[in-house]
Amino acid sequence: MVNVMRMTDHKARTAIRVISLDTSIDRREEFTQMASSKKLDWAFFPAHTSKTEPLQYDGRAAVRRCGRPLSPFEIGCYASHFKLWEWLSNSDLDQIIIFEDDIIVDWAFVEKLAAIRFADYG
């Protein structure tokens, strides 16, 4: 078994972004309290509530393929993740860890995960 930490010559440049509606004040406060003592690059990312450019969606095609259309919440969730992938591709970072604001984070684990440069493993 390969020692993960030895394969990486340099520390990964990892961002942590938390998808959250701007109006979710209580969730944001709770998450901020949980993460405030951590020395990781984390920030909130505004959640989308509908599709966004350049994404396209055809509800009739979804029904043909999957038996039902996506809900507006599902479309907004995908659009939020897409926009974060787009943001990452335009940044100088190696990778991103994406959370939503309603989770409890094991920060000790995330700190170790964020240090691994996954591109080194293909």
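Here we summarise the structure given alongside this text. Everything numeric in this text was worked out from a predicted model, so none of it was measured. (Residues numbered from 1 in each chain as written. Predicted model: local features only at pLDDT ≥ 70, side-chain atom pairs only at ≥ 80, totals over all residues. Heavy atoms only, no water.)

Between Glu53 and the following residue, Pro54, the backbone shows a cis peptide bond with an omega angle of 5°. Looking at the element boundaries, Pro54 is found in the loop between β2 (42-46) and α3 (59-66). (Helix = DSSP H or I, 4+ residues; strand = E, 2+ residues; numbered from the N terminus.)

Our focus in this paragraph is the layout of surface pockets. What the largest pocket holds in volume is close to 290 Å³. Of all the secondary structure elements, the ones that give two or more residues to the lining of the largest pocket are β1 (14-20) and α4 (72-89). At five residues, α4 tops the list of elements feeding residues into the lining of the largest pocket. Residues that form the lining of the largest pocket fall into these classes: six nonpolar, six polar and four charged. (1 Å grid on protein atoms, 1.4 Å probe; cavity = no way out; pocket = protein on both sides within 12 Å on 5 of 7 lines; lining within 4 Å. Points joined across faces, edges and corners; volume = space filled by probe spheres on them. Nonpolar A, V, L, I, M, F, W, Y, C, P; charged D, E, K, R; others polar.)

Attention now moves to the environment of Ala115. Turning to its location among the elements, Ala115 is positioned in helix α5 (residues 107-115). The exposure class of Ala115 is buried, given its relative accessible area of 17%. (Buried < 20%, exposed > 50% of the residue type's maximum accessible area, 1.4 Å probe, protein only.)

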